[in-house]
Amino acid sequence: QVQLVESGGGLVQAGGSLRLSCAAFGRTFSNYPAGWFLQAPGKEREFVAAISWSGGSTYYADSVKGRFSISRDNAKNTVYLQINSLKPEDTAVYYCAFQKRPVDMGNYYDEKQYDNWGQGTQVTVSS
């Protein structure tokens, strides 16, 4: 059974940093594009970042460019999200997912392109 486990969230002060991890079990995702999404309280889930299967291409929402960095270690079947210069508005549950098809990336900002979602990890930023 496929399972994605997010970790690394927590409570931090504004300006701090976190590194989120997404470890996959039950299936090898080394040739699948991956992404991170967030969902703030009372709002719909929205795109944060995406990465190609090899890690050679990355994409970011305008709101996080320059502060967030997505990466992956295919040998560990794991995707990461480094978050720097945290702002209170970054507070949300962060979810990782892999796209439905391998190698070629669909629209990276469209959550309908993704499958095998994790349960999420909470990030809370205090002012």
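Here the structure is shown first, and the text comes after it.
All values reported here derive from a predicted model rather than from experimental measurement. (Residues numbered from 1 in each chain as written. Predicted model: local features only at pLDDT ≥ 70, side-chain atom pairs only at ≥ 80, totals over all residues. Heavy atoms only, no water.)

Student: Hey, could you run me through the nonpolar core in this one?
Tutor: A general tendency of soluble globular proteins is for nonpolar side chains to be buried together. Counting 35 residues, the largest nonpolar core has Trp 36, Val 48, Phe 68, Ile 70, Leu 81, Tyr 94 and Phe 98 as the members making the most contacts within it. Put simply, the parts of the chain that give this core at least two residues each are strand 3 (18–25), strand 4 (34–39), strand 5 (46–51), strand 7 (68–73), strand 8 (78–83), strand 9 (92–99) and strand 11 (121–126). If we ignore the near neighbours within four places in the chain, the residues touching Tyr 94 are Glu 6, Leu 20, Trp 36, Phe 37, Leu 38, Val 48, Phe 68, Leu 81, Ile 83, Gly 120, Thr 121 and Val 123. (Core = buried A, V, L, I, M, F, W, Y, C linked by side-chain atoms within 4.5 Å. Buried < 20%, exposed > 50% of the residue type's maximum accessible area, 1.4 Å probe, protein only. Helix = DSSP H or I, 4+ residues; strand = E, 2+ residues; numbered from the N terminus. Contact = heavy atoms within 4.5 Å.)

Student: What is the right way to look at the layout of surface pockets in this model?
Tutor: Rolled over the atoms, a probe sized like a water molecule indicates the empty space that remains. Size it by volume and the largest pocket reaches roughly 170 Å³. Lining of the largest pocket is provided by Leu 38, Ala 40, Lys 43, Glu 46, Ser 63, Val 64, Arg 67, Lys 87, Glu 89 and Asp 90. For the lining of the largest pocket, the residue count by class is three nonpolar, one polar and six charged. (1 Å grid on protein atoms, 1.4 Å probe; cavity = no way out; pocket = protein on both sides within 12 Å on 5 of 7 lines; lining within 4 Å. Points joined across faces, edges and corners; volume = space filled by probe spheres on them. Nonpolar A, V, L, I, M, F, W, Y, C, P; charged D, E, K, R; others polar.)

Student: Explanation requested: the state of the cysteines in the structure shown.
Tutor: Two cysteines, two sulfur atoms, one covalent bond between them: this is a disulfide. Counted according to the given criterion, the structure contains one disulfide. One disulfide bridge connects Cys 22 with Cys 96, the sulfur atoms lying 1.8 Å from each other. Disulfide Cys 22-Cys 96: torsion about the S-S bond near 55°, hence right-handed. Of this pair, Cys 22 sits in strand 3 while Cys 96 sits in strand 9, and the two are 74 residues apart along the sequence. Of the two residues examined, Cys 22 and Cys 96, each falls in the buried class. (Disulfide = S-S within 2.5 Å.)

Student: Just checking my understanding: could you explain the sheet that holds strand 3 for this structure?
Tutor: As a general point, the strands of a sheet are linked pairwise by backbone hydrogen bonds and lie either parallel or antiparallel. One open sheet accounts for four strands, arranged 1-3-8-7; its pairing is antiparallel. With one partner strand each, in any of the chains shown, strand 1 (3–7) and strand 7 form the two edges of the open sheet. Averaged over neighbouring strand pairs, the angle between their axes works out to 15° when direction is ignored. Pairing between strand 3 and strand 8: six bridges, direction antiparallel. (Pairing = 2+ DSSP bridges. Axes fitted to C-alpha atoms, helices over the stretch in contact; angles between N-to-C directions.)

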